[in-house]
Structure formats: structure tokens, C-alpha cells
Amino acid sequence: MSKKALVVEDDGNIAELLRLYLGKDGFEVKIAEDGGKGVSMFSTFNPDIVLLDIMLPVLDGWQVCTEIRKTSKVPIIMLTAKGETTDKINGLEMGADDYITKPFDVNELLARVHAVMRRAEEAQEPAEHKLTFDKLVINLDSYELIVNGEKIDTPPKEMELLYHLASAPNRVFTRNQLLDEVWGFDYFGDSRTVDVHIKRLREKLEGVSDKWSLKTVWGVGYKFEVEE
């Protein structure tokens, strides 16, 4: 089942751009042109994430965020042309999960969408963060990697990268997405960092099982491939 995104944005060009890119990313997308419609559409559409402009007619973004938070903890990303720190603080204090300033890079926005949704899903999951595959156990709680029954010494970032890939089997992640979602937005490295960590993980995992593997998708990125 596809995820649902509600875009509350009165700029038609931006709204359609978001509809296009979110749609390509597998989301069902609804657009609300003002804050009043955003609140009513939220209750009927039941989205998995809300992209919310601040400067809106009828009800502004602050008011919409407040109304949504009365009944729901759904992830909210605020969109605004303003870059003042006070706007960011206000949004976060009102319950927004993230904040991005226009004009924004669409790939960065999509990465933030996936990051806040992942955090929201993890908050609802049981405390255990453990993935099990054929001859492989990835335990992020204890930061243990078990391969063929043996514990393999693995640095924390390699563990986090492998867990992130394996938690979404067969999904392709770009290098920039992995940098954003595993290393964080404040990381100033480049995509070669991902390549180096993948290389080290392959040295630990190569040939262990024919039921899964770390795959390079040329020109795009990487995925943890699992046999259907």
C-alpha cells in the first residue's frame, strides 16, 4: 500500500512540483490550496505525512499545525520562504518534525520526508531493533553483527548503514539519501564516504548467503537485495 502525503501550499507551481516528485517516489498526493482546506482534508485523507507552507490564506501554517496536533502525531514538515531562526523554532515548538526553506532542493526534501517518516515509524515500533536474514543477524540495540553464527567486529557507522539498507529490502537508496539519513544533515562528507563503508561491509558479507546481498545499482546507489 502506498504512503499518502498531504501538501498544504497556495503556490500552484510548488504544489505541482511536489505532487510530481512525491508521486514518482510512490506517494499518493493530495493538494490543499489554503489552511482551511488543509485541516478538513487532513481528517478525510488521513495522510502519513504533511508538507505545510507557513504563509497560507484562511489559516496560516502555524494554525494548521496546531489543529493537526490536537488529534494526530503524523509527521509534519514546514515549508516557507522565510529563513529566520524564530520561524524554525516556532514550528518545532508547535509540533512540526522538520523545517525546510524555499527554494529547496527536491532531493533534499525527499530525503527529509523519508527521515521523519522513518523516525515516526521507529517511535511506534517495539524497542528491539534487530533484523534477521539467512546466516545474518543485525542487532542495532547491541551494535552486534552476527555472520554465520560468529560475531563480526563492525564500526558503528557500518552497522547503522547496513541496518538502514536491510530495514527496507530491495529499495534503492542514492548515496545522498544515505548520507542524509544515516550520517545526518550536518555531515559535511561526500558520497565516497558511503562507497568506502559499503566496500568494508562487502568484505564482511561477501559469499555468506545466496538469499541476500549488498547490490550496487549503477548510476543510482545501493540496495540490500533479498530473494523473493
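Structural notes, computed from the coordinates. (Residues numbered from 1 in each chain as written. Predicted model: local features only at pLDDT ≥ 70, side-chain atom pairs only at ≥ 80, totals over all residues. Heavy atoms only, no water.)

Side note on the environment of Leu-51
Here comes step 1: Inspection of the secondary structure puts Leu-51 in strand β3 (residues 49–53).
Here comes step 2: Looking at Leu-51, the relative accessible area reads 0%, which means it is buried.
Here comes step 3: Each C-alpha atom, one on Leu-51 and one on Leu-18, is 9.1 Å from the other, the two residues being 33 residues apart in sequence.
Here comes step 4: Setting aside anything within four residues of it in sequence, one finds Leu-51 in contact with Leu-6, Val-7, Val-8, Leu-18, Leu-22, Ile-77, Leu-79, Leu-109 and Val-113. (Helix = DSSP H or I, 4+ residues; strand = E, 2+ residues; numbered from the N terminus. Buried < 20%, exposed > 50% of the residue type's maximum accessible area, 1.4 Å probe, protein only. Contact = heavy atoms within 4.5 Å.)

Describing a nonpolar patch on the surface
Here comes step 1: Nonpolar side chains collect at one region of the surface, where Leu-17, Leu-20 and Tyr-21 lie side by side and expose about 240 Å² of accessible area between them.
Here comes step 2: Tracing the chain through its elements places Leu-17 in helix α1 (residues 12–24).
Here comes step 3: You can call Leu-17 partly exposed: its relative accessible area is 34%. (Patch = residues over 30% accessible without salt bridge, like charges linked within 9 Å, V, L, I, M, F, W, Y side chains within 5 Å. Areas by Shrake-Rupley, 256 points an atom, 1.4 Å probe, with all protein chains shown as cover. Salt bridge = Lys/Arg side-chain N within 4 Å of Asp/Glu carboxyl O.)

Some details on the pairing of strand β8 (residues 144–147)
Here comes step 1: Residue alternation in β8 divides its side chains into a buried set, Leu-145 and Val-147, and an unburied set, Glu-144 and Ile-146.
Here comes step 2: In this structure, strand β7 (residues 136–139) lies alongside β8, joined through four bridges in antiparallel fashion. Residue pairing for β8: Ile-138 is matched across the bridge by Leu-145.
Here comes step 3: From the end of β7 to the start of β8, which pair antiparallel, there are four residues, and Tyr-143 there has a positive phi angle of about 50 degrees.
Here comes step 4: In terms of strand pairing, β8 meets strand β9 (residues 150–152) through three bridges, oriented antiparallel. Each residue of the ladder has a partner; that of Val-147, found in β9, is Glu-150.
Here comes step 5: Hairpin connection from β8 to β9: two residues lie between these consecutive antiparallel strands, with Asn-148 at a positive phi of about 55 degrees. (Pairing = 2+ DSSP bridges.)

A look at the environment of Cys-65
Here comes step 1: Checked against the element boundaries, Cys-65 lands in helix α3 (residues 61–69).
Here comes step 2: Taking the relative accessible area as the measure of exposure, Cys-65 reaches 1% and is therefore buried.
Here comes step 3: When the C-alpha atoms of Cys-65 and Gly-38 are compared, they prove to be 9.8 Å apart, with 27 residues separating the residues in sequence.
Here comes step 4: In this view, Cys-65 contacts Leu-52, Ile-76, Met-94, Gly-95 and Ala-96; residues no more than four positions away in its chain are not counted.

Topic: the sheet that holds strand β6 (residues 130–133)
Here comes step 1: On the basis of which strands lie adjacent, the open sheet formed by four strands has the order β6-β7-β8-β9 and antiparallel pairing. The sheet is open, and its two edges are formed by β6 and β9, each paired on a single side. Strand-to-strand twist of the sheet, defined as the mean angle between neighbouring strand axes without regard to direction, takes the value 20 degrees.
Here comes step 2: Inspection of the sheet shows β6 paired to β7 by four bridges, in the antiparallel sense. Within the sheet, the bridge partner assigned to Thr-132 lies in β7 and is Val-137.
Here comes step 3: The sheet strands contacting helix α6 (residues 156–166) are β6, β7 and β8, and the helix crosses β7 at an angle near 110 degrees.
Here comes step 4: With respect to the sheet, helix α8 (residues 192–205) is in contact with β7, β8 and β9, its orientation differing from that of β8 by roughly 40 degrees. (Axes fitted to C-alpha atoms, helices over the stretch in contact; angles between N-to-C directions.)

Notes on the packing of α6 against helix α7 (residues 175–183)
Here comes step 1: The contact between α6 and α7 brings their axes to 10 Å, and the two run at 115 degrees. Remark: the crossing between α6 and α7 carries right-handed chirality. Residues Lys-157, Glu-160, Leu-161, His-164 and Leu-165 of α6 form the contact with α7, whose participating residues are Leu-178, Glu-181, Val-182 and Trp-183.
Here comes step 2: When grouped by side-chain class, the residues that make up the contact of α6 with α7 number five nonpolar, one polar and three charged. (Left-handed = near helix turned anticlockwise from the far one by under 90°. Nonpolar A, V, L, I, M, F, W, Y, C, P; charged D, E, K, R; others polar.)

Some thoughts on the packing of aromatic side chains
Here comes step 1: One pass over the full model with this rule turns up two aromatic pairs.
Here comes step 2: Between Phe-133 and Phe-224 the ring centres are 4.9 Å apart and the planes differ by 55 degrees, which places this aromatic pair in the tilted class. One end of the pair, Phe-133, is in strand β6; the other, Phe-224, is in strand β12 (residues 221–226), and 91 residues separate them in sequence. This pair shows no difference in class: Phe-133 is buried, exactly as Phe-224 is.
Here comes step 3: For the pair Trp-212 and Phe-224, a centre-to-centre distance of 5.6 Å together with 15 degrees between the ring planes defines the contact as stacked. Placement of Trp-212 in strand β11 (residues 212–217) and of Phe-224 in strand β12 is noted, with a sequence separation of twelve residues between them. The pair formed by Trp-212 and Phe-224 is uniform in burial state, with each residue classed as buried.
Here comes step 4: Joined through ring pairs, the aromatic side chains of Phe-133, Trp-212 and Phe-224 make up one cluster.
Here comes step 5: The cationic tip of Lys-4 hangs over the ring face of Phe-45; the distance from NZ or CZ to the ring centre is 5.0 Å. (Phe/Tyr/Trp six-rings, centres within 6.5 Å; stacked < 30°, edge-to-face > 60°. Lys NZ or Arg CZ within 6 Å of the ring centre and 35° of its normal.)

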